[in-house]
Amino acid sequence: MSGHATSLRLKLPAICFLLQLLTIILFAVYVRYDEETSANLWHQKLRHHNGSNLDNDFYFRYPSFQDVHTMIFIGFGFLMTFLKRYGFSSVAFNFLIAAFAIQWSTLIQGFLHSFHNGKIHVGIESMINADFCSGAILISFGAVLGKTSPVQLLLMTLLEVTLFGINEYILLSLIGAKDAGGSMTIHTFGAYFGLTVSRLLYRPHLNKSRQREGSVYHSDLFAMIGTIYLWLFWPSFNSAVTAHGDDQHRTVLNTYFSLAASTLATFAISSLINGEGKLDMVHIQNAALAGGVVVGTSAEMMLTPFGAMIAGFLAGTISTLGFKFITPILDSKLKIQDTCGVHNLHGLPGVLGALLGALVAGLATQDVYGDGMEDVFPFIADGSRTARYQAIYQLLALLITLAFAFIGGSAVGESRFPMSFLASPPDTQCFEDQIYWEGLSSFSFNISKGRGKAQPAQ
Amino acid sequence: MSGHATSLRLKLPAICFLLQLLTIILFAVYVRYDEETSANLWHQKLRHHNGSNLDNDFYFRYPSFQDVHTMIFIGFGFLMTFLKRYGFSSVAFNFLIAAFAIQWSTLIQGFLHSFHNGKIHVGIESMINADFCSGAILISFGAVLGKTSPVQLLLMTLLEVTLFGINEYILLSLIGAKDAGGSMTIHTFGAYFGLTVSRLLYRPHLNKSRQREGSVYHSDLFAMIGTIYLWLFWPSFNSAVTAHGDDQHRTVLNTYFSLAASTLATFAISSLINGEGKLDMVHIQNAALAGGVVVGTSAEMMLTPFGAMIAGFLAGTISTLGFKFITPILDSKLKIQDTCGVHNLHGLPGVLGALLGALVAGLATQDVYGDGMEDVFPFIADGSRTARYQAIYQLLALLITLAFAFIGGSAVGESRFPMSFLASPPDTQCFEDQIYWEGLSSFSFNISKGRGKAQPAQ
Amino acid sequence: MSGHATSLRLKLPAICFLLQLLTIILFAVYVRYDEETSANLWHQKLRHHNGSNLDNDFYFRYPSFQDVHTMIFIGFGFLMTFLKRYGFSSVAFNFLIAAFAIQWSTLIQGFLHSFHNGKIHVGIESMINADFCSGAILISFGAVLGKTSPVQLLLMTLLEVTLFGINEYILLSLIGAKDAGGSMTIHTFGAYFGLTVSRLLYRPHLNKSRQREGSVYHSDLFAMIGTIYLWLFWPSFNSAVTAHGDDQHRTVLNTYFSLAASTLATFAISSLINGEGKLDMVHIQNAALAGGVVVGTSAEMMLTPFGAMIAGFLAGTISTLGFKFITPILDSKLKIQDTCGVHNLHGLPGVLGALLGALVAGLATQDVYGDGMEDVFPFIADGSRTARYQAIYQLLALLITLAFAFIGGSAVGESRFPMSFLASPPDTQCFEDQIYWEGLSSFSFNISKGRGKAQPAQ
């Protein structure tokens, strides 16, 4: 069945070994325990500050980390199992590239953010940030899902993680933009990076695999596992690295309300735009999550609960409309084949979230933030910036992110991953597990509760 | 397939928009950050008490909240996917009504519990309580599952959340009853409210849809995801809002032992009452959870570990027997069609839990509780009540709850939700996703591993 | 279909009642709240130490406990649903025996570890340790999966929990070995105990059920739910009972890196050893987890991040090779039928982890650990042992564990569980839910996306 060209034989083992070996060597040379994970350093710190083991930041970040971790591996992984014949690859390649991304981004982010005396120091915060970075990669993965081999995906990850780190460094460290939940650094970057790759890897004959580009009854239920977990833990995602205290607490609250509102909006619009008033599972699986994306930048700010709800409601609305009206145009007119519709869930809501962040930042007043200003807007607090200026920097951050996404995506796409070499699937074998997985018989679907056009060939 | 009468067209969008708009307006007018989520207020508090950001209640409630959140959206949502043809609606309508319920109950509970100077103050505790309220709604949902449209469900939610808040206010604030895990406020109320609605919406011709009212092999496995998560996190559910310290710790411990015992009881009885000694998946999916319900009131008290086990063992036994002997009678004699058997999982164990709570409260002594009495039974601690009186108030609380459930359920049921207007499914189309979901072909089940009477028409 | 011999009638109810009754009686006599869960004792403690409710250990152990809890019931439970016809039994018997194991091990571990003034004192730590013990039982369950009745499994649990407790007591309390994540006490013990039982219950005619000993497309996706959750929460598993502060933090970090590396190794080797370069879902579901097992002893030590990665990489490699080359030999030559391949996931990596622990312990220096030495190696800290001696004790611990596993497994296996009496399935009905579950029609598999030899008979 799977021709030599698409075979992973030697190619996948070779790149996995190479990347893992390289990573281990760089870790051996550069990565060390930080003062909260090193037995020696932590106890020195305890002695000096006469502190307690219970003050270790582990207790105040780890629960959030595990929620984020679940979103990355269960949330993204199962959300993509909606495809009737690509469930193994969706959850397993998600697993593979995220497992590499967290290692590689620990290095890249470490060199840029926590490189002291020639060493990278790691602990719970580096773990959270590494998971965040892998989130961006998985968003891009969603755009090219079913059309790229794991070999191609690992190479894409290698480059994308690197660019993610640089862009994040510019935004957060150089220009002092705020983006705790990553509307820009994660969602906008990941979506437009992936869409650019998808554009450059455009397959004019993808219709040869269209009968597989749909779901079956139970594959949609597996996907809902991913959806619900992403929805549940998004408050943890947006708050995982904000300042302790009111910041984390408020970020969670805002995200919670935004998600609730985007859910009602999604059900409303999904039914409204359907001829018979029926709901579309694709909308529920994706657009209901837009409320988490849209407050990624502003949730830590004094957005107000009803502000969060309005944002979520708009995001759910726009995202659902995007699936109905924009995705087809991207495909037919712009030659962008967006398998998971990441443009609707991460692209548009991400940009909207960046703009919202700029707006809310521009409205910041000492009166509203009080002494809390320092945690949210340090430059406004120390007088080095006005709220207006902070807003301008937020907008600048969005532009920089878009530029990095397009340039990075182009670099990957242009390279075209010489197909035969990188085991890319042929147009006739996209969205097909069989070419990569042992023991799967050829395409025949008794279990299909066919979804419209997605009827399986029987 | 789906006649105009059952079409959600315009009806679902209209009610979603209306409810969300109303909610946003009320939030704008009344809802504000509390002193743990407001940048300004929190930092004032820190200054006055010379405290630390790590004292924010977020760190001591949020992990429990996320467990409860998972129970509401994954636990309830997937538990109801056991129906072979109603998996989409089960998990998605659960998602929709819970997303509205948490918003609406934030307002209702806010007006009743945390309305200060004309404002509702929100934070992690209001989030947990809102999720609790949605739990009651989802229990009622279980009783009418497959026989009501999302439009009807949203209207039911609107009223039920309101009555839940009032009943809870009377129990906890006016008569000073204890019910941390909601044996009364959540389980008894939700179950009998839903059963009353189901009684009034009785469908004499439901047998026209019986062939769909069963499970298939994999739908039962999806349901087990819900079951296990409910079982795992029930200790967090019962302890989420108890006093900090020994109270939360003890509540978790008691619930953990009660659930373990109810699980063994369920397997034992399920096999015992079957002609061939076989196990029934319906019992495992539901009755094993009765141990969490039955200690909902008493888990925070000095129940003792073996007391918790006895309670759990009895609850699992009664619940399993209920599925075998009571549910058929409710259907045939009392004309109550209880789709998920909520009477067995939430009704009976809830009432039993209320009685157990009264008993354990009546046995409270200063000797056993010491200074901890104040957290568990403040009125006994301050001498304004004897243990006996507390027990009487607990019993009174049960009666009030049952009254609210019947009155509220009747109000909803009597209105009959003018059928054609609210898109109620016809008797021939109950338990059927196709009428609400895009792209599903008509009923034909290759994947069925038929369950007894639930054999699909092939 | 199910002959009287295999019927659970009366047998399962009888043993469940008996074991639960016995447990309740022993709890009534011996089990009491500890000073963190008792209202009276905790408030006395607060008064004496002038402490705060927020210091209760609940807040510093419970999130880890819930992660472990999820691994036991969702992780192990769903990992075993890969079998096409044994999904109900896998997740439900896992549920049953774990629910009993946590109660029984609370008693056994309590008598051995926390028996003061004739009473066992329970709280969050006893809950975590009880869950740990059930993990070992479930590993053994994996070796005999599909070939034993729940009656046999409960009897096995009764004995195995007891021996687990004694072995753990000898290792941790008597000879002072370190094994926070249980490479020895949990994985090595559970695996070789189960394999010994499997050897003694060898079925020469198991091929009569081979057509059922495989997966179908969606059963493999259910199994991936288990895999991912085990992978996600393994850092919590290894760190759940280590000392607070840097120890827990470091253990999490090491496990996280080890797992990431074992994942890449698994994908690499799985593809490398396949004729066409295809991936095998069995490897991904299991070997990717070996990274968690292999650092079970050493993760709390100063393993270094790159050391953790090397360990994980080797474990993933050896585990995958084990599935390909060792499992067939165990079956054909050694007559060990290892249904889930626990030898590859828990046996080999467990032994490897024990050796690694001895190595890292032997390299411990005051310079590296500083004042942290006391928490990790108390005997080295107080000068009563050199690092070399600690290493020798670690090796001794491995030998003792292997001895207990073989002796215990033999005791269970030799007894042979008089088959007809204990409802053991016949060779023709192994891996078959129908004999234990109500309402399942006979074996016919439309949904099969057959896996190699595992093609269903149609």
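Chain A has the name Rh family B glycoprotein in an unreviewed UniProt entry, where Sphenodon punctatus is given as its organism. What UniProt records for chain A under Subcellular location (unreviewed entry) is the sentence "Cell membrane". One UniProt comment on chain A, placed under Sequence similarities (unreviewed entry), says "Belongs to the ammonium transporter (TC 2.A.49) family. Rh subfamily."

Enquirer: Would you mind showing me how to read the relation of the copies chain C and chain A here?
Expert: The two chain copies are connected by a rotation around an axis plus a translation along it. Its rotation angle being 120°, the transformation that places chain C on chain A also includes 0.0 Å of axial translation and leaves an RMSD of 0.0 Å. What the superposition gives is, in effect, a three-fold axis relating one chain to the other.

Enquirer: For this particular structure, what's the right way to read the interface of chain C and chain A?
Expert: Interfaces are often sized by the amount of accessible area the parts lose when they come together. If you look at the interface, chain C gives 70 residues, while chain A gives 79 residues. Together, the buried faces of chain C and chain A total about 6,700 Å²; carbon and sulfur atoms form 71% of this surface. Scanning the region where chain C abuts chain A turns up one salt bridge. For Arg47 of chain A, the salt bridge goes to Asp371 of chain C, with nearest N and O atoms at 2.3 Å. Taken together, the links from chain C to chain A amount to 32 residue pairs in polar contact (both at pLDDT 80 or more). Per-element tally for the side of chain C that touches chain A: the top contributor is helix 9 (residues 246-272) of chain C, with 18 residues. A per-class count over the side of chain C that touches chain A returns 39 nonpolar, 19 polar and 12 charged.

Enquirer: Teacher, can you tell me more about the relation of the copies chain C and chain B here?
Expert: Rotating chain C by 120° about the axis while translating it 0.0 Å along that axis superimposes it on chain B, leaving an RMSD of 0.0 Å. With a heterologous cut-off of 20% or less, the 9% of interface residues of chain C that recur at the interface of chain B puts this contact in the heterologous class.

Enquirer: Please clarify how the sheet that holds strand 3 (residues 119-122) of chain C should be interpreted in this entry.
Expert: Backbone hydrogen bonds hold the strands of a sheet together, and the pairing may be parallel or antiparallel. Residues and elements named next belong to chain C. Taken together, the three strands give an open sheet; going across it, the order is 1-3-2, and neighbouring strands pair in mixed fashion. Looking at which strands have only one partner, the edges of the open sheet turn out to be strand 1 (31-33) and strand 2 (115-116). Here strand 2 runs beside strand 3; their pairing, made up of two bridges, is antiparallel. In the sheet register, His116 faces strand 3, and the bridge partner there is Lys119. On top of the sheet, helix 1 (residues 11-30) reaches strand 1, strand 2 and strand 3; it is set at about 55° to strand 1, its chief contact.

Enquirer: Any chance you could explain a nonpolar patch on the surface here in plain terms?
Expert: Taken together, the side chains of Leu21, Ile25 and Val29 of chain A make up a nonpolar region of the molecular surface, amounting to roughly 260 Å² of accessible area. Looking at the element boundaries, Leu21 of chain A is found in helix 1 (residues 11-30).

Enquirer: Looking at this model, I keep getting lost on the pairing of strand 3 of chain C. Mind explaining?
Expert: On any regular strand, side chains alternate: one points to one face of the sheet, the next to the other face. Residue and element names in this part refer to chain C. With burial as the criterion, only one face of strand 3 is covered, namely that bearing Ile120 and Val122; the residues Lys119 and His121 on the opposite face remain uncovered. Note: strand 1 against strand 3, three bridges, orientation parallel. Following the sheet pairing, Tyr33 is matched in strand 3 by Val122. The hairpin turn running from strand 2 into strand 3, its antiparallel successor, is two residues long, and Asn117 in that turn takes a positive phi close to 45°.

Enquirer: How should I be thinking about helix 12 (residues 305-332) of chain A in this particular structure?
Expert: Taking 1.5 Å per residue, 28 residues should reach 40 Å; helix 12 of chain A reaches 39 Å between its end C-alpha atoms and fits that length. By the largest-angle criterion, Gly322 of chain A marks the main kink of helix 12 of chain A, which is about 50°.

Enquirer: What should I look at first to understand the UniProt feature "domain: Ammonium transporter AmtB-like" (unreviewed entry) in chain A in this one?
Expert: What UniProt calls "domain: Ammonium transporter AmtB-like" (unreviewed entry) maps, in this numbering, to residues 58-412 of chain A. Split by type, residues 58-412 of chain A is 74% helix and 2% strand. Its first and last C-alpha atoms lie 37 Å apart.

What counts, and at which threshold
- Residues numbered from 1 in each chain as written.
- Chains lettered and ligands numbered in written order.
- Predicted model: local features only at pLDDT ≥ 70, side-chain atom pairs only at ≥ 80, totals over all residues.
- Heavy atoms only, no water.
- UniProt positions renumbered as here; feature names shortened; annotations may be inferred.
- Least-squares fit on C-alpha atoms with pLDDT ≥ 70 in both.
- Contact = heavy atoms within 4.5 Å.
- Buried area = accessible area lost by both parts, 1.4 Å probe.
- Salt bridge = Lys/Arg side-chain N within 4 Å of Asp/Glu carboxyl O.
- Polar contact = N/O pair within 3.5 Å; in protein donor to acceptor, adjacent residues only side chain to side chain.
- Helix = DSSP H or I, 4+ residues; strand = E, 2+ residues; numbered from the N terminus.
- Nonpolar A, V, L, I, M, F, W, Y, C, P; charged D, E, K, R; others polar.
- Pairing = 2+ DSSP bridges.
- Axes fitted to C-alpha atoms, helices over the stretch in contact; angles between N-to-C directions.
- Patch = residues over 30% accessible without salt bridge, like charges linked within 9 Å, V, L, I, M, F, W, Y side chains within 5 Å.
- Areas by Shrake-Rupley, 256 points an atom, 1.4 Å probe, with all protein chains shown as cover.
- Buried < 20%, exposed > 50% of the residue type's maximum accessible area, 1.4 Å probe, protein only.
- Expected span 1.5 Å × (residues − 1).
- Bend = angle between axes of the 7 residues up to and from the residue.

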